[in-house]
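Survey of secondary and tertiary structure
Now for the letters of each chain:
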Amino acid sequence: MKHLLVGLSLALLAPMSLAQPANLDDLLRNIRDVRSSEQSAMQERESRFIAERDQQQRRMREAEQALAPVKAEADRLKAEFDRLETALAEVEAELEQRSGNLGELFGVVRQTAGDTQSQWQDSLLNMQFPERMQTLESLSASRGIPTVEALENFWYLLQQDMTASGKISRFEAPVVGRDGEQRVLPVVSVGPFVALQGDDYLLYQPDTERLLVAPRQPEGSGLIDEFTQPRNQLADLQVDPTRGNVIQQLQQTPSLIERVHQGGVVGYVIIALGVLGLVLALWRLGWLQRTSQRVDRQVADLDNLNRNNPLGRVLGVIGSRPKLDQLDTLELKLDEAILKETPSLERWQGLIKLLAAVAPLLGLLGTVTGMIATFQAITLFGTGDPKLMAEGISQALVTTVLGLVVAIPLLFMHSLVAARSKALIQLLEQQSAGLIALHLGGEEPRDG
């Protein structure tokens, strides 16, 4: 048992001391020393803890003393905030009560400013008053109540536009000529309606804030020079009441040549056939007119037969004084001669009539092909953009118009040519029948 206690004591003292005790006295002495040192350490820690506790309590009292005025200030500020919030609500209620319908009025002012801005966006007067668009934009975009100064400025802009709309002004502005060069030139403006430079009407380009010489001048441009010159009397001038829209549309309106090109290949074929038929009809009318004049001269002189005209050739078959034994075959010979002359008098009439009939059919063909192109565009791109369908529709309509324009004159020309040739043939038959009647009656032939 003694050896066990010695071993246990050695085990307990092992971590505290590096020296191995030689006997129990040393072990007891070591235990006493360790216990004494531990008590000293415990007392030191206890003293340090008590000192720190007193210091923490002192700091806490100081913090509590500093927190008291802060809480008081927070309570005061909260009370002040509540008081101001109540006062603000009362002031807002009073403002709303006093303003009445002014809120709606200011809304109307902003809306009117926005509408006026959109109306003046393309106005020619922006060249003279470029700052007014910025004023309108700021007024229409404002979310607060506009000031009296802003309202008076808006009223002034409206009055300024009304006054300038009734004036003829002269000023210098950048102008893009037909050669594409931009120059600063003197410009004459008639209110917001038209701008003039030299002998040309100008187009206003709001994006670049410059003027462009209209490629296609409207009718009445010859009056510009007299209008812009100094004078004591009134002068006439063509004015666009739509403020440039008519002149803008004039630039987009295709000319006659452009309309013809819209017809495509079918349109070209119709025009070619029309020209061919017209030239052929005019040539036949000229030829029939000369032939008619020769026949008239031959009718005036039946005794001297001339073979340069159909009547002379017909009467030359039997002569002016046939023998009586030939009278039985006289009518047959005259009929044969008239039949020989008829093809030359009716030549090309069938072709003219055919061209007059084919032209509207070709117009119908162009209409069908144009509608096919239109439906193809609708299939590929839909109906969102009408410009994609314009080409096919233009071809359909232009070819129809070309077919009718070609067919109607050709029908009239065919009728005129046929009437002329028929009149000559009737004259030949009349003169032949009259000649036979005179010979059978034993009388001399007379003129006409």
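Residues numbered from 1 in each chain as written. Predicted model: local features only at pLDDT ≥ 70, side-chain atom pairs only at ≥ 80, totals over all residues. Heavy atoms only, no water.

Structural notes on the overall build of the protein chain
A count of helices and strands for the protein chain gives 13 helices and five strands. Going through the 448 residues of the protein chain one by one, you find that 30% of them count as buried. Within the protein chain, contacts between residues at least 6 apart in sequence are counted, and of these 60% link residues at least 24 apart. Taken as a whole, the protein chain presents about 29700 Å² of accessible surface, with 58% of it coming from carbon and sulfur. (Helix = DSSP H or I, 4+ residues; strand = E, 2+ residues; numbered from the N terminus. Buried < 20%, exposed > 50% of the residue type's maximum accessible area, 1.4 Å probe, protein only. Contact = heavy atoms within 4.5 Å. Areas by Shrake-Rupley, 256 points an atom, 1.4 Å probe, with all protein chains shown as cover.)

Focus on the side chain of Gln349
Relative to the helices and strands, Gln349 resides in helix H12 (residues 349–381). Of the polar contacts made by the side chain of Gln349, one reaches the side chain of Ser421; its length is 2.5 Å. In contact with Gln349, not counting residues within four places along its chain, are His414, Val417, Ala418 and Ser421. (Polar contact = N/O pair within 3.5 Å; in protein donor to acceptor, adjacent residues only side chain to side chain.)

Side note on unusual backbone geometry
You will see that Glu209, though not glycine, has its phi angle at about 55°, which is positive. Note on placement: Glu209 falls in the loop between strand S4 (200–205) and strand S5 (210–213). Its relative accessible area of 51% is what places Glu209 among the exposed residues. The phi torsion at Trp348 lies on the positive side, around 70°, for a residue other than glycine. Mapped onto the fold, Trp348 is located in the loop between helix H11 (327–345) and H12.

Points about the packing of helix H4 (residues 132–141) against helix H5 (residues 148–165)
The geometry of H4 relative to H5 is characterised by a closest axis approach of 11 Å and an angle of 140° between their N-to-C directions. With respect to each other, H4 and H5 are oriented oblique. Like other packed secondary-structure pairs, H4 and H5 cross with a definite hand, here left-handed. When H4 is examined against H5, the residues Arg132, Thr135, Leu136 and Leu139 are found in contact with a partner set consisting of Ala150, Asn153, Phe154, Leu157 and Asp161. Of the residues contributing to the contact of H4 with H5, the split by class is five nonpolar, two polar and two charged. (Axes fitted to C-alpha atoms, helices over the stretch in contact; angles between N-to-C directions. Parallel < 35°, antiparallel > 145°, perpendicular 65-115°, else oblique. Left-handed = near helix turned anticlockwise from the far one by under 90°. Nonpolar A, V, L, I, M, F, W, Y, C, P; charged D, E, K, R; others polar.)

Topic: the packing of aromatic side chains
For the coordinates displayed, the defined rule picks out zero aromatic pairs. Lying over the aromatic face of Trp120, Arg132 brings its terminal NZ or CZ to 4.1 Å of the ring centre. (Phe/Tyr/Trp six-rings, centres within 6.5 Å; stacked < 30°, edge-to-face > 60°. Lys NZ or Arg CZ within 6 Å of the ring centre and 35° of its normal.)

Quick word on H12
Taking 1.5 Å as the rise per residue, H12 with 33 residues should run 48 Å; its terminal C-alpha atoms sit 48 Å apart, in good agreement. The set of residues buried in H12 consists of Gln349, Ile352, Leu355, Ala356, Ala359, Leu362, Gly363, Gly366, Gly370, Thr374 and Ala377. Directly beyond the C-terminal end of H12, a positive phi value near 80° is found at Gly382. (Expected span 1.5 Å × (residues − 1).)

What about the environment of Leu330?
For Leu330, the position within the fold is in helix H11. Spatially, the C-alpha atoms of Leu330 and Ser432 are 9.5 Å apart, while their sequence positions differ by 102 residues.

Describing the packing of helix H9 (residues 264–300) against H12
Taken N-terminus to C-terminus, the directions of H9 and H12 make an angle of 165°; their axes are 10 Å apart at the nearest point. As far as their axial angle goes, H12 and H9 are roughly antiparallel. When the axes of H9 and H12 are compared, the crossing they make is left-handed. Facing Val266, Val269, Ile270, Leu273, Leu276, Gly277, Leu280 and Ala281 of H9, the residues of H12 in contact are Leu351, Ile352, Leu355, Val358, Ala359, Leu362, Gly363 and Gly366.

Considering the nonpolar core
Core analysis: the largest hydrophobic core is formed by 22 residues, its most contacted members being Val295, Leu311, Val314, Leu345 and Leu428. Of all the secondary-structure elements, those providing two or more residues to this core are H9, helix H10 (310–315), H11 and helix H13 (387–441). Beyond its immediate sequence surroundings of up to four residues, Leu428 is in contact with Pro310, Leu311, Val314, Ile338, Glu341 and Leu345. Judged by nonpolar contacts, the second largest core, of twelve residues, contains Ala214, Ile224, Phe227 and Leu237. (Core = buried A, V, L, I, M, F, W, Y, C linked by side-chain atoms within 4.5 Å.)

A short note on the sheet that holds strand S1 (residues 168–176)
An order of S1-S2-S3-S4-S5 is seen for the five strands of this closed barrel, with the pairing classed as mixed. Strand-to-strand twist in this sheet, taken as the mean axis angle between neighbours without regard to direction, amounts to 50°. Where strand S3 (residues 194–197) meets S4, three bridges bridge the pair, whose relative direction is antiparallel. Across the sheet, the residue bridging to Ala195 is Leu202, located in S4. The strands that helix H7 (residues 245–252) touches are S3 and S4; relative to S4, the one it contacts most, it runs at about 95°. (Pairing = 2+ DSSP bridges.)

Thoughts on the confidence of the model for the protein chain
Looking at the protein chain as a whole, its pLDDT mean stands at 81, while 88% of the residues score no less than 70. Confidence drops under a pLDDT of 50 for residues 1–18, and excluding neighbours within four residues, the segment shows twelve contacts in the predicted structure. Note that pLDDT drops below 50 for residues 443–448; the model gives that stretch twelve contacts with residues more than four away or on any other chain. (pLDDT = per-residue confidence, 0-100.)

Side note on a negative patch on the surface
There is a patch of like negative charges on the surface, built from Asp199, Asp225, Glu226 and Asp236. Among the structural elements, Asp236 can be located in the loop between helix H6 (224–228) and H7. According to the relative accessible area criterion, Asp236 is exposed, its value standing at 60%. (Patch = residues over 30% accessible without salt bridge, like charges linked within 9 Å, V, L, I, M, F, W, Y side chains within 5 Å. Salt bridge = Lys/Arg side-chain N within 4 Å of Asp/Glu carboxyl O. Lys, Arg positive; Asp, Glu negative; His and termini not counted. Charge placed at Lys NZ, Arg CZ, Asp CG, Glu CD.)

Quick notes on the pairing of S5
The side-chain alternation of S5 yields one buried face, formed by Leu211 and Val213, and one unburied face, formed by Arg210 and Leu212. Two successive antiparallel strands, S4 and S5, enclose a turn made up of four residues, where Glu209 displays a positive phi of approximately 55°.

Looking at the pattern of salt bridges
The full count for this structure, using the stated rule, is nine salt bridges. The partner of Arg58 in a salt bridge is Glu62, with the nearest N and O atoms 3.1 Å apart. Pair noted here: Arg58 and Glu62 are both in helix H2 (residues 24–99), with a separation of four residues, about one helical turn. Taking the shortest distance from any N to any O, the salt bridge between Glu80 and Arg83 comes out at 2.2 Å. Of this pair, Glu80 and Arg83 both sit in helix H2, three residues apart, which is roughly one turn of that helix. Owing to a relative accessible area of 47%, Arg83 belongs among the partly exposed residues under this scheme.

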